[in-house]
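Observations on the model geometry
The primary structure of each chain is shown beneath.
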Amino acid sequence: MLKVADIIQIKIDKIVFGGEGLGYYNGFAVFVPMSIPEDELEIEIISVKKTYARGLIKNIIKASPERIDSHKFTFEDFYGCDFAMLKYESQLKYKKLMVEEVMRKIAGLPDIEISDVLASEDVYNYRNKIIEPFSVYGNKIITGFFKRKSHEVFEVDENILNSKLGNRIIKELKEILNKNKISVYNEITHKGLLRNVMIRTNSNNEAMLVLIINSNKITENIKNLLFKLREKIEEIKSIYISLNSKKTNTVIGEKNIFIYGEESIKENLNGIEFHISPTSFFQINVKQAKRLYDIAINFFDNIDDKYIVDAYSGTGTIGMIMAKKAKKVYAIEIVKSASEDGEKTAKENGIENIEFINGSVEKELVNLINANKRIDTIIFDPPRKGLEASIIDKVAELNLKEVVYISCNPSTFARDVKLFSEKGYVLKKLQAVDMFPQTSHIECVGLIVKEWKCKILYFKQFCKHYAFVEDSEVGKKKLLKNYIDVNACIDMVCRDTMNEIRSKLFHIQESFFI
């Protein structure tokens, strides 16, 4: 039996959802972060559970051919990126396999095979938003990443995912803070000023800086230091100080004080200029977001003149793109500043057929229904926890023909697909999109459609010369022999067109009707 601190040798068989490698030691499952199939490793066991253990690499005995460097194997070696040890084509391969695995195991689709993951054009420096915590190392102020399962910060020479402008700003900021010996927040003592720094950038190479501090007020000293940074880097177009004096892991404070430049920066997507504020949700990888949204919109059968709900809309990005064709879009978002940014963007771009609703999707969707608002379809883009079951119930109550679901978490997406299936819906299309190269995260977009079945009354109405009798036991038996579920047909209201119904009935022989 394995125990903590054991040193063992193991060969990795596969990568599982979440990005860790899996191997077996005397038939016992062992998960190993930063490992790759075909790696032969020496590892140290760090935890043991009833059915599995977890270990960290101490030495690579034989490296997998998919590994980019046989001498690097720690989280810190790869700048805090849990898939950066893989060649990019291999990252895509394993992301595809991970999505297929959760769809089979959680969604209950044993035969599913998806198309190749849509690769990202940029595999480095693609992030337009980064947050780094402050810490002290060797009497020096640093920023960086938390070590795995730890609050200890490690610094890297360059953040390989952050925009190059963002890296430049953080480097210059640290030099200024170190020269002025500003105190750093200690989460144990709850003392010290500097907590985190956030940088947001856009495609125009402009930046927003947000300094998060442990305070209830802003000092002139801190303001002047940030102004000095702006003098050195003219690409900084907006500066905020976020006040967060609570004992919490939440990064952004409740008060974000604007001190310089423009209140928001803008990003262009599909010809629309979007406002981005400190708390706005906006896709991290803009080039790939454009492709993701194109796929999602094209999944719909037709959005012309439709009434559409954009649920979890953020700043209304995809909602405003859809508004170009749709009759009306209701954009529901719980973050008030994001809704306000969306309203501002819509006004500036002359988009009048989108209504921003600030509130939870669970509540506001019900309010729309109770107000008898027309809803033809919904596009979902929820946080990692996925959809509440009540929302799926409402979709079923509305008898919507189709919905599109964008997900940043394939496991909760798979769970929700299963819940949709229990309401008579099926996953018609699925495309995985690599929004986050060098990490194990993967985005999915799916088309979920209603599996309509014909009510028997429609058989009688549209099958012209057939004289089917609903109450005929003989007729029912004959239909059941031909694999038609009569009870299901009676229970469902069919919204298919006459021609679609005729097409469905074409294969049924005349002899099965009375």
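Along each chain, the written sequence defines residue order, and numbers are assigned to residues from 1. The model is predicted, so local features are restricted to residues of pLDDT at least 70 and side-chain atom pairs to those at 80 or more, both for listing and for counting; the totals for chains, interfaces and linings are taken over all residues. To get the side-chain values, all heavy atoms of the structure are used, and hydrogens and water are removed first.

The next point concerns the overall build of the chain. If you tally the helices and strands in the chain, you get 13 helices and 22 strands. Using a 1.4 Å probe, the Shrake-Rupley method yields the accessible areas, and only the shown protein chains count as cover for residues. By element, 48% of the accessible surface of the chain is carried by carbon and sulfur atoms, the whole surface being about 24,900 Å². Every helix listed is a DSSP run of H or I at least four residues long, and every strand listed is a run of E at least two residues long, numbered separately from the N terminus.

Take the sheet that holds strand 20 (residues 402-407) next. Ordered in space as 18-17-16-19-20-22-21, the seven strands form an open sheet in which the pairing is mixed. Here the strands that pair on one side only, and so sit at the sheet edges, are strand 18 (354-358) and strand 21 (425-433). Adjacent strand axes in the sheet meet at a mean angle of 15° when their direction is disregarded. Its contacts with the sheet place helix 9 (residues 410-421) against strand 19 (377-380), strand 20, strand 21 and strand 22 (443-450), and it is angled at close to 160° to strand 20. For two strands to pair, DSSP has to find at least two bridges joining them. Axis lines are fitted to C-alpha atoms, over the contacting stretch for helices. Their N-to-C directions set the angle, which ranges from 0 to 180 degrees. It only takes one pair of heavy atoms within 4.5 Å for two residues to be counted as in contact.

Time to look at the sheet that holds strand 5 (residues 52-62). Taken together, the five strands give a closed barrel; going around it, the order is 1-2-3-5-4, and neighbouring strands pair in mixed fashion. Sheet twist, expressed as the mean angle between neighbouring strand axes with direction ignored, is 50°. Alignment of strand 1 (residues 7-15) against strand 2 (residues 21-25), held across three bridges, turns out to be antiparallel. Looking at the pairing, Ile15 lines up with Gly21 of strand 2.

This part covers helix 8 (residues 389-398). Among the residues of helix 8, Ile391, Ile392, Val395 and Ala396 are the ones counted as buried. Take helix 8 and look down its axis: the buried residues cluster within an arc of 145°, on one side only. Where helix 8 is buried, its residues touch helix 7 (361-370), strand 19, strand 20, helix 9 and strand 21. Positive backbone phi, at 55°, marks Asn399, one or two positions downstream of helix 8. Relative accessible area decides the class of each residue, using a 1.4 Å probe on protein chains only: under 20% of the type maximum gives buried, over 50% gives exposed, and in between gives partly exposed. Summarising the geometry, the arc corresponds to the directions from the helix axis toward the C-beta atoms.

Attention now moves to the packing of aromatic side chains. We call Phe, Tyr and Trp rings a pair once their centres come within 6.5 Å, taking the six-membered ring for Trp, and we label the pair stacked below 30 degrees between planes, edge-to-face above 60, and tilted otherwise. Considering all chains together, one arrives at nine aromatic pairs under this definition. Ring geometry for Tyr240 and Phe258: centres 5.4 Å apart, planes at 55°, overall tilted. One end of the pair, Tyr240, is in strand 12 (residues 236-243); the other, Phe258, is in strand 13 (residues 255-261), and 18 residues separate them in sequence. Accessibility expressed as a relative area gives 31% for Phe258, which makes it partly exposed.

A word on the packing of helix 1 (residues 88-105) against helix 9. Viewed as axis vectors pointing N to C, helix 1 and helix 9 meet at an angle of 30°, and their least axial separation amounts to 9 Å. Both helix 1 and helix 9 take part in a crossing whose hand is right-handed. Across the interface between the two elements, Val99, Val102 and Met103 from helix 1 touch Pro410, Ser411, Phe413, Ala414 and Val417 from helix 9. In terms of residue class, the contact of helix 1 with helix 9 is built from seven nonpolar, one polar and no charged. Crossing handedness is defined as follows: a turn of the near helix away from the far one that is anticlockwise and smaller than a right angle gives a left-handed crossing, while the clockwise case is right-handed. The nonpolar class holds Ala, Val, Leu, Ile, Met, Phe, Trp, Tyr, Cys and Pro. Asp, Glu, Lys and Arg form the charged class, and all remaining residues, Gly among them, are polar.

Right, let's get into the pattern of salt bridges. Opposite charge on two side chains lets them pair, provided their charged atoms get close. Salt bridges are identified by distance alone: a Lys or Arg side-chain nitrogen within 4 Å of an Asp or Glu carboxyl oxygen. For the structure shown, the criterion picks out 26 salt bridges. One salt bridge in this structure joins Arg374 and Asp376, with 3.1 Å as the shortest N-O distance. Here Asp376 falls in the partly exposed class, since its relative accessible area comes to 24%. Where Lys385 meets Glu388, a salt bridge forms, and the shortest distance between an N and an O atom there is 3.8 Å. Three or more residues are tied together by salt bridges with common partners; here these are Lys14, Glu101 and Lys105.

Moving on, we get to the side chain of Thr439. For Thr439, the position within the fold is in the loop between strand 21 and strand 22. You can call Thr439 buried: its relative accessible area is 11%. From its side chain, Thr439 meets the backbone oxygen of Phe436 in a polar contact 2.9 Å long. Contacts of Thr439, omitting those with residues within four sequence positions, involve Asp82, Phe83, Gln91, Lys95, Tyr126 and Leu161. As used in this structure description, the phrase polar contact means that two N or O atoms lie within 3.5 Å; if the pair is within protein, one of them must be able to donate a hydrogen and the other to accept it, and residues adjacent in sequence are counted only when both atoms belong to side chains.

Glancing now at the side chain of Ser242. Mapped onto the secondary structure, Ser242 falls in strand 12. On the accessibility criterion, Ser242 (0% relative accessible area) is buried. Beyond its immediate sequence surroundings of up to four residues, Ser242 is in contact with Val210, Leu211, Ile212, Ile213, Ile252, Gly253, Lys255 and Asn256.

We now examine the environment of Thr51. As for its placement among the helices and strands, Thr51 is situated in the loop between strand 4 (40-48) and strand 5. Using a relative accessible area of 55% as the deciding quantity, one classes Thr51 as exposed. A C-alpha to C-alpha distance of 7.2 Å links Thr51 and Phe28, two positions 23 residues apart in sequence. In this view, Thr51 contacts Phe28 and Ala29; residues no more than four positions away in its chain are not counted.

The element strand 20 is extensively covered by neighbouring structure, given that six of its six residues are classed as buried. In terms of strand pairing, strand 19 meets strand 20 through three bridges, oriented parallel. Considered in strand 20, the bridge of Phe380 is made with Tyr405. Look down the strands so they point away from you; if the path from the first strand over the helix to the second goes clockwise, the crossover is right-handed. Crossover handedness for the path strand 19 to helix 8 to strand 20: right-handed. Sheet analysis places strand 20 next to strand 22, joined by six bridges and oriented antiparallel. Directly across from Tyr405, in strand 22, lies its bridge partner Gly446.

Should the pLDDT be low somewhere, the predicted coordinates at that spot are not to be read in detail. The quantity called pLDDT is the predictor's confidence in a given residue, expressed from 0 to 100. Looking at the chain, pLDDT values average 88 and 88% of them are 70 or higher. The model gives residues 453-514 a pLDDT under 50, and that stretch makes 70 contacts with residues more than four places away or in other chains.

Looking now at empty space enclosed by the protein. Throughout, the protein atoms alone are placed on a 1 Å grid, and a set of points is a cavity if a 1.4 Å probe fits but cannot get out or a pocket if it is open with protein on both sides within 12 Å along at least five of seven lines; lining residues have an atom within 4 Å of a point. Grid points are joined across faces, edges and corners, and a volume is the space filled by probe spheres set on the points. With the rule as written, the count across this model stands at one cavity of 30 Å³ or more. What the largest cavity holds in volume is close to 50 Å³. Taken together, Phe281, Tyr293, Asp310, Tyr312, Ser313, Thr317, Ile318 and Asp381 make up the lining of the largest cavity.

It is worth spelling out the packing of helix 2 (residues 164-179) against helix 3 (residues 220-232) at this point. Relative orientation of the contacting elements helix 2 and helix 3 amounts to 135°, with a least axis distance of 10 Å. As the angle between them shows, helix 2 and helix 3 are arranged oblique. Read as a crossing pair, helix 2 and helix 3 show a hand that is right-handed. Every residue of helix 3 that contacts helix 2 at Ile169, Glu172, Leu173, Ile176 and Leu177 is listed here: Leu225, Leu226, Lys228, Leu229 and Lys232. Taken together, the residues of the contact of helix 2 with helix 3 break down into seven nonpolar, no polar and three charged. With respect to orientation, any angle under 35 degrees is reported as roughly parallel, any angle over 145 as roughly antiparallel, any angle of 65 to 115 as roughly perpendicular, and every other angle as oblique.

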